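What the coordinates show
Here are the chains, one letter per residue:
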Amino acid sequence: EPEVTQTPSHQVTQMGQEVILRCVPISNHLYFYWYRQILGQKVEFLVSFYNNEISEKSEIFDDQFSVERPDGSNFTLKIRSTKLEDSAMYFCASSELAGSVDTQYFGPGTRLTVL
Amino acid sequence: AQKITQTQPGMFVQEKEAVTLDCTYDTSDPSYGLFWYKQPSSGEMIFLIYQGSYDQQNATEGRYSLNFQKARKSANLVISASQLGDSAMYFCAMRELKAAGNKLTFGGGTRVLVKP
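Residues numbered from 1 in each chain as written. Chains lettered and ligands numbered in written order. Predicted model: local features only at pLDDT ≥ 70, side-chain atom pairs only at ≥ 80, totals over all residues. Heavy atoms only, no water.

With respect to the overall build of chain A
- Within chain A one finds zero helices and eleven strands.
- Secondary structure elements of chain A occur, N-terminal to C-terminal, as β-β-β-β-β-β-β-β-β-β-β.
- Compactness check: chain A gives a C-alpha radius of gyration of 13 Å against a globular reference of 13 Å for 115 residues, within 12% of the reference.
- Overall, the C-alpha framework of chain A stretches about 40 × 30 × 30 Å when taken along its three principal axes.
- Once local pairs closer than 6 in sequence are excluded, the contacts in chain A between residues at least 24 apart make up 54%.
- Only carbon and sulfur atoms are counted for the fraction: they give 47% of the accessible area of chain A, which is about 5700 Å².
- Within chain A, the 15 negative side-chain charges are centred at a point lying 6 Å from the centre of the 9 positive side-chain charges. (Helix = DSSP H or I, 4+ residues; strand = E, 2+ residues; numbered from the N terminus. Rg over C-alpha atoms; globule rule 2.2 N^0.38 Å. Contact = heavy atoms within 4.5 Å. Areas by Shrake-Rupley, 256 points an atom, 1.4 Å probe, with all protein chains shown as cover. Lys, Arg positive; Asp, Glu negative; His and termini not counted. Charge placed at Lys NZ, Arg CZ, Asp CG, Glu CD.)

So, in structure tokens, the structure goes:
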């Protein structure tokens, strides 16, 4: 069964460093998303991406964040200068269609720890 | 106001019994979808079941069923015949058709612990 994959599973970085989190969405999916979950808290939407551009972003997704689909399979989230409060689990998701009936499938997550 | 509310932070359930996880939502959009995800201790988010706002019947998926009461704006998840592997965090989520970018809004989750 096709699935969303994410690498690395765990990333430790120093405050102020840049990190890139990588995702390979399900191959026939057209819509891609990043969410984050701070430890013990709810899952929060960061950004959605379609047709090589951002469809929507939350207030969390400030200038320190960027997303890119560098080729036909990868979808990346870059944090330019990490802060302690960026420590969280980051989930990539993808969906085939848009609209309220479409299901988003999540990857296993990347746990980011900023020291 | 919270769009998705899960009032039960944690629950114990005896193995082989059924458990109901509460979820209420708030939206003015007539077209929306409600989703339940399972998050085991390993951290991944596993899609369980979906209910559309226009669906006439409650969704079912194996041991999972959704008790959809549209007038009350509730979408409770029922897990029948609980198994030890059902121990996890469960999240209710909603996507409104009018919401830009198809974003999902999640509730705070309910932790379920199945006792042998």
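Comments concerning the overall build of chain B
- For chain B, the count of helices and strands is zero helices and twelve strands.
- Mapped in sequence order, the helices and strands of chain B form the string β-β-β-β-β-β-β-β-β-β-β-β.
- Expected size for 116 residues packed as a compact globule is a radius of gyration near 13 Å; at 14 Å, chain B falls within 12% of this value.
- Along the longest, intermediate and shortest principal axes, the C-alpha atoms of chain B span 45 × 30 × 20 Å.
- Burial analysis of chain B (116 residues in total) assigns 50% to the buried set.
- Taking the intrachain contacts of chain B between residues at least 6 apart in sequence as the baseline, contacts between residues at least 24 apart amount to 55%.
- Just so you have it, chain B exposes about 5400 Å², and 51% of that area is on carbon and sulfur atoms.
- In chain B, 12 side chains carry a positive charge and 10 a negative one; their mean positions are 4 Å apart. (Buried < 20%, exposed > 50% of the residue type's maximum accessible area, 1.4 Å probe, protein only.)

Considerations on unusual backbone geometry
Residue and element names in this part refer to chain A.
- Residues T7 and P8 are joined by a peptide bond in cis, for which omega reads -10°.
- Positionally, P8 belongs in the loop between β1 (5-7) and β2 (10-13).
- In this structure, N51 takes a positive phi of about 55° despite not being glycine.
- In this fold, N51 is placed in the loop between β5 (43-50) and β6 (53-57).

Overview of the nonpolar core
- Among the nonpolar cores identified, the biggest contains 24 residues, and L21, Y25, W36, I49, L77 and Y90 of chain B are the most heavily contacted of them.
- Breaking this core down by element, the ones donating at least two residues are β3 (19-21), β5 (32-39), β6 (46-52), β8 (64-69), β9 (74-79), β10 (88-96) and β12 (110-115) of chain B.
- Top element by residues in this core is β10 of chain B. It accounts for four residues.
- By size, the runner-up hydrophobic cluster in this structure holds 22 residues, among which are V4, L21, F65 and A88 of chain A. (Core = buried A, V, L, I, M, F, W, Y, C linked by side-chain atoms within 4.5 Å.)

Quick word on the interface of chain B and chain A
- Each partner contributes to the interface: chain B provides 23 residues, whereas chain A provides 23 residues.
- Overall, the association of chain B and chain A removes approximately 1900 Å² of surface from exposure, summing both partners, and the carbon and sulfur fraction of that is 54%.
- Taken together, chain B and chain A are joined by zero salt bridges.
- Where chain B meets chain A, there are four residue pairs in polar contact (both at pLDDT 80 or more).
- Residue assignment for the side of chain B that touches chain A shows that the elements contributing at least two residues are β5, β6 and β10 of chain B.
- Ranked by residue count, the leading element in the side of chain B that touches chain A is β5 of chain B, at five residues. (Buried area = accessible area lost by both parts, 1.4 Å probe. Salt bridge = Lys/Arg side-chain N within 4 Å of Asp/Glu carboxyl O. Polar contact = N/O pair within 3.5 Å; in protein donor to acceptor, adjacent residues only side chain to side chain.)

What to know about the pattern of salt bridges
- The tally for this structure, following the rule as stated, stands at four salt bridges over all chains.
- As a salt-bridge pair, R36 of chain A and E44 of chain A come within 3.2 Å of each other at their nearest N and O atoms.
- Note on E44 of chain A: relative accessible area 24%, which makes it partly exposed.
- With its nearest N and O atoms 3.9 Å apart, the salt bridge here joins K73 of chain B to D26 of chain B. Here D26 of chain B lies in the loop between β4 (24-25) and β5 and K73 of chain B lies in the loop between β8 and β9, a separation of 47 residues in the sequence.
- Among the residues examined, D26 of chain B registers a relative accessible area of 36% and is labelled partly exposed.

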